[in-house]
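Inside the fold
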Amino acid sequence: MAIESNFIKTIMEEDLASGKVEGIITRFPPEPNAYLHIGHARAIITNFELAKIFDGKTNLRFDDTNPVKEDASFVEAIKEDIAWLGYHPEAIYFGSDYFEETYRYAVKLIKKGLAYVCDLSQAEVSQYRGTLTEPGKESPYRNRSIDENLALFEAMKSGKFPDGSKTLRAKIDMASPNINMRDPVIYRIIHIIHHNTGDRWCIYPMYDFAHPLQDAIEGVTHSLCSLEYVDHRVLYDWFIEHCETPHIPHQYEFGRLNIPQTIMSKRYLKQLVDSHVVKGYDDPRMPTLAGFRRRGYTPEAIKDFVLGTGLSRINSTASIDMLENALRNDLIQATKRVHAIIDPLKVTITNYPEGELETMNVANNQDNEALGDRTLPFGRNLLIERADFSPEKPDKHWKRLSVGLEVRLMHAYFIHCHDVAYDASGQIQEIFCTYDVNTRSGSGFNARKPNGTIHFVEATTAVPATFNLFEPLLLEGNEELPLIERVNPHSWNVAQGYVEPALEHASIGERFQFVRNGYFAVDYDTLDHHLIFNRIVELKAGKGS
RNA sequence: UGGGCUAUGGCCAAGUGGUUAAGGCAUCGGAUUCUGACUCCGAGACCGAAGGUUCGAAUCCUUCUAGCCCUGCCA
């Protein structure tokens, strides 16, 4: 799927046409303080796809200007997720690579009388800032001389002052209705080891100051970000203008993409991991890209979802159906369609000779010859899905097996049920059927129509398997409750069942359509010849079910 | 009257003055089917509200309403 038309694409086309820019350069700038989640996919895909359309470039830039929150381990995880999505950045940068340059721009602002060292405490700065409806007051340190500011800033840089004792602030307008313009702090003192620059620096630029400069340094033409930065754009432009960067980038904002009941906040994701509600950021129930990957989602599906969802200046909430539909669309042509019985019910074919077995040759995917074919055993002892049998036909829409009814076993024969055995507790233990030799799959038999088609597995050759039927972690219930209590506690259900022998050597990560049971992927934790499958997504329900 | 952003069918979303307002998801009918899957037909909005400009407006203007963002030395 290609990117749909959207307002940013239009802007780029116009900029190119008018000669405002010569080429498109975008960037994806994550802060390395958590794993990427499905919400980030929109930003990643938008930046890369847009640049691709115009034969431009996209950088990956780690926005690491706050060493107290960031960690090198996240850098690797983020790189991996982006590569998984199929994107290869033109270059990988760190905001911290530009600390020297950023510092020089700060000095430049001081020299122009546009920045000053402020001794106000954090609380005082907050007080002086005013409120949403009242203007702020100017800092008493606002009019220090340029020389004094230069000396003080130099001293800040060389570690003469403790954390929080001083800041460098841009001198703009304490009465601005836009609070971001009320002399924003642009440098703060933090004595800590930075994951990239070690102890070389003890002053760190703020996002608002660093980001436009990073964009300028890299030659970014269209700096895309989310809606909450709209109010920051004037500041962005102010820094670009007054720092007189050789290159002038522009910021454009778009809305975030949410999924209902899904946790889309780094803070909460961290909480789930730290509290062991999940087994890690890549737990298959997590809405992280790593979680989706582990669960068996394909990057193509995520891309199609994001692209199909479009882009606008609205924070939108796309239904999970869209994501699942994108996944099914990808999987339906890419996966082998095989048989698995998740909740087995014994079937004995009473007129089939004991001890005999025959095999059916079946295509792995009737719509994709490239997937080859396999053999499927058939014999006297079979297993079918418990839900595919009812002692009596429940209603006229029933298209499965009942006593007195005949159904087709997919890729095999018609069977007719004539008896049911119950155990002591009244549960159905086993059913007895006869088969019709003339109805063998592929024989072209069409003398009569079966009541439906169900799938099966031959009991003596079937391979035991464990099915993880988990649901993604969803938030439910009272929004007042703590997050941990709102997470669906039964999100990981396990079933023991069987798969056909062809799957015995399935490889980790391989995906299948289990006919009538949905799509599954072989999980990482394959144990002792015992296959484990994660359910990725269910088949569409269809009418009457 | 702090500032900013947004408002198109259940959910996304094209559309930037001119035929019956694209498309996807979901839903509901129907056909087909060796998966009740897939596929294939068919069905739905007068564009937040009210005015106004215009021969003509979802697209321009006015007013109103609703939602979201902003008072980190976070990003």
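Residues numbered from 1 in each chain as written. Chains lettered and ligands numbered in written order. Predicted model: local features only at pLDDT ≥ 70, side-chain atom pairs only at ≥ 80, totals over all residues. Heavy atoms only, no water.

As for the packing of helix H7 (residues 207-218) against helix H8 (residues 233-243)
As a reminder of what qualifies: Axis definition: a line fit to C-alpha positions, over the contact stretch in the case of helices; interaxial angles, taken between N-to-C directions, run 0 to 180 degrees. Helix and strand definitions here come from DSSP, where helices need a minimum of 4 consecutive H or I residues and strands a minimum of 2 consecutive E residues; each element is numbered from the N-terminal end. Working definition: roughly parallel below 35 degrees, roughly antiparallel above 145 degrees, roughly perpendicular at 65 to 115 degrees, and oblique for all remaining angles. Crossing handedness follows the turn of the near helix against the far one: under a right angle anticlockwise gives a left-handed crossing, and clockwise gives a right-handed one. Every residue pair with non-hydrogen atoms within 4.5 Å of one another is taken to be in contact. Gly is placed with the polar residues, together with every amino acid not listed as nonpolar (Ala, Val, Leu, Ile, Met, Phe, Trp, Tyr, Cys and Pro) or charged (Asp, Glu, Lys and Arg).
Where H7 contacts H8, the two axes come as close as 9 Å, and the packing angle between them is 60°. Comparing the axis directions of H7 and H8 gives the class oblique. Crossing handedness for the pair H7 and H8: right-handed. Only Leu235, Tyr236, Phe239, Ile240 and Cys243 of H8 make contact with H7, whose side of the interface consists of Asp208, Phe209, His211, Pro212, Leu213, Asp215 and Ala216. Classifying every residue of the contact of H7 with H8 gives nine nonpolar, one polar and two charged.

Points about the sheet that holds strand E14 (residues 344-349)
Defined as follows: Pairing between two strands requires that DSSP report at least two bridges joining them.
If you trace the seven strands from one edge of the open sheet to the other, you get E23-E20-E21-E22-E14-E17-E24, paired in mixed fashion. Whereas interior strands pair on both sides, the edge strands pair on one side only; in this sheet they are strand E23 (453-454) and strand E24 (456-458). For strand E21 (residues 414-422) and strand E22 (residues 428-436), the ladder comprises eight bridges, and the chain directions are antiparallel. Note that in E22 the partner of tyrosine 422 across the bridge is isoleucine 428.

Regarding the confidence of the model for chain A
Where we set the bar: Within a predicted model, pLDDT stands for the predictor's per-residue confidence, ranging from 0 to 100.
Chain-level statistics for chain A give a pLDDT mean of 95 and a share of 98% at 70 or above. Here the complex is predicted with pTM 0.94, and the ipTM for its interfaces comes to 0.95.

Focus: the protein's contact with RNA strand B
Formally: Residue proximity to a molecule or strand is established when one non-hydrogen atom of the residue lies within 4 Å of it. Nitrogen and oxygen atoms within 3.5 Å of one another constitute a polar contact, given that in protein one can donate a hydrogen and the other can accept it, and given that sequence-neighbouring residues count only through two side-chain atoms.
Within the structure, RNA strand B sits among 64 residues, and Ser312, Met322, Met410, Ser441 and Gly442 are positioned closest to it. Each atom of RNA strand B within 4 Å of the protein was classed as base or backbone; sugar and phosphate made up 64%. Between RNA strand B and the protein, one listed contact pairs a phosphate oxygen with a backbone N or O atom of tyrosine 207 at 3.0 Å. In the model, a phosphate oxygen of RNA strand B is placed 2.8 Å from a nitrogen or oxygen of the arginine 516 side chain.

Looking at the packing of aromatic side chains
Inclusion rule: Pairing of aromatic rings covers Phe, Tyr and the six-membered ring of Trp, with a centre-to-centre limit of 6.5 Å; geometry is then stacked below 30 degrees between planes, edge-to-face above 60, and tilted otherwise. Each residue is placed in one exposure class: buried if its accessible area under a 1.4 Å probe, protein chains only, is under 20% of its type's maximum, exposed if it is over 50%, and partly exposed if it falls in between. As a reminder, the over-ring test applies to NZ of lysine and CZ of arginine, requiring each to be within 6 Å of the ring centre and within 35 degrees of the ring normal.
Summed over the entire model, instances satisfying the criterion amount to 31 aromatic pairs. Seen from their ring centres, tryptophan 238 and phenylalanine 239 are 5.4 Å apart, and the 85° between their planes marks the pair as edge-to-face. Between the aromatic rings of phenylalanine 378 and phenylalanine 456, the centroid separation amounts to 5.7 Å while the plane-to-plane angle is 80°, which identifies the pairing as edge-to-face. Of this pair, phenylalanine 378 sits in strand E16 (residues 373-379) while phenylalanine 456 sits in strand E24, and the two are 78 residues apart along the sequence. Of the two residues, phenylalanine 378 and phenylalanine 456, neither departs from the other in class, the shared state being buried. Three or more aromatic residues joined by ring pairs make a cluster, and in this case those are Phe99, Tyr103, Phe153, Tyr187, Trp201, Tyr204, Phe209, Trp238 and Phe239. For lysine 137, the ring lying beneath its charged end belongs to tyrosine 128, and the centroid distance is 4.6 Å.

Overview of the nonpolar core
Rules: Throughout, nonpolar core names a set of buried Ala, Val, Leu, Ile, Met, Phe, Trp, Tyr and Cys residues whose side chains join them through atoms within 4.5 Å.
Among the nonpolar cores identified, the biggest contains 48 residues, and Phe28, Ile44, Ile82, Ile302, Phe305 and Ile536 are the most heavily contacted of them. In terms of residues, this core owes the most to one element, helix H2 (residues 38-53), which gives seven residues. Ala155, Ala170, Ile189 and Leu213 belong to the second-largest nonpolar core, a separate cluster that totals 33 residues.

Observations concerning the environment of proline 184
In this structure, proline 184 sits in the loop between strand E5 (167-170) and strand E6 (185-189). Here proline 184 falls in the buried class, since its relative accessible area comes to 13%. Separated by 329 residues in sequence, proline 184 and glutamine 513 place their C-alpha atoms 55 Å apart. Sequence-distant contacts of proline 184, that is, excluding residues within four places in its chain, are made with Leu168, Arg169, Ala170, Ile172 and Leu235.

Things to note about the pairing of E6
Within E6, four of the five residues are buried, which leaves it mostly tucked inside the rest of the structure. For E5 and E6, the ladder comprises three bridges, and the chain directions are antiparallel. Residue pairing for E6: leucine 168 is matched across the bridge by tyrosine 187. Bridge count for E6 against strand E7 (residues 203-205) is three bridges, and the pairing is antiparallel. Its bridge partner being in E7, arginine 188 is matched across the sheet by tyrosine 204.

A closer look at the pattern of salt bridges
Put simply, the rule reads: Each reported salt bridge corresponds to a side-chain nitrogen of Lys or Arg within 4 Å of a carboxyl oxygen of Asp or Glu.
By the definition in use, this model includes 29 salt bridges. Put simply, aspartate 523 and arginine 294 hold a salt bridge, and the shortest N to O gap is 2.9 Å. In this pair, aspartate 523 sits in the loop between strand E28 (518-522) and strand E29 (531-537) while arginine 294 sits in helix H10 (residues 289-295), placing the two residues 229 residues apart along the sequence. For aspartate 523, a relative accessible area of 1% translates into the label buried. Taking relative accessible area as the criterion, arginine 294 reaches 12% and is therefore assigned buried.

Things to note about helix H6 (residues 146-157)
One full turn of an α-helix is made of 3.6 residues, so residues set three or four places apart face in the same direction. Note the following rule: Expected helix span is taken as 1.5 Å per residue step, with the number of steps being one fewer than the number of residues. By construction, the arc corresponds to the directions joining the helix axis to the C-beta atoms.
A rise of 1.5 Å per residue sets the reference length of H6, with its twelve residues, at 16 Å; its end C-alpha atoms lie 16 Å apart and thus fit the reference within 8%. Every buried residue of H6 is accounted for by Asn149, Leu152, Phe153, Ala155 and Met156. Down the axis of H6, the sector holding all buried residues measures 160°, keeping them to one side. Residues of H6 that are buried make contact with helix H4 (99-111), strand E4 (115-118), E5, E6 and E7. Glycine 159 sits one or two residues past H6 and shows a positive phi near 85°.

Here's the deal with H7
Taking 1.5 Å per residue as the helical rise, H7 with its twelve residues ought to reach 16 Å, and the 16 Å between its terminal C-alpha atoms agrees with that figure. Counting buried positions over the twelve residues of H7 gives ten, a clear majority of the element. Every buried residue of H7 is listed here: Asp208, Phe209, Ala210, His211, Pro212, Leu213, Gln214, Asp215, Ala216 and Glu218. Immediately beyond the C-terminal end of H7, within one or two residues, lies glycine 219, with a positive phi of roughly 75°.

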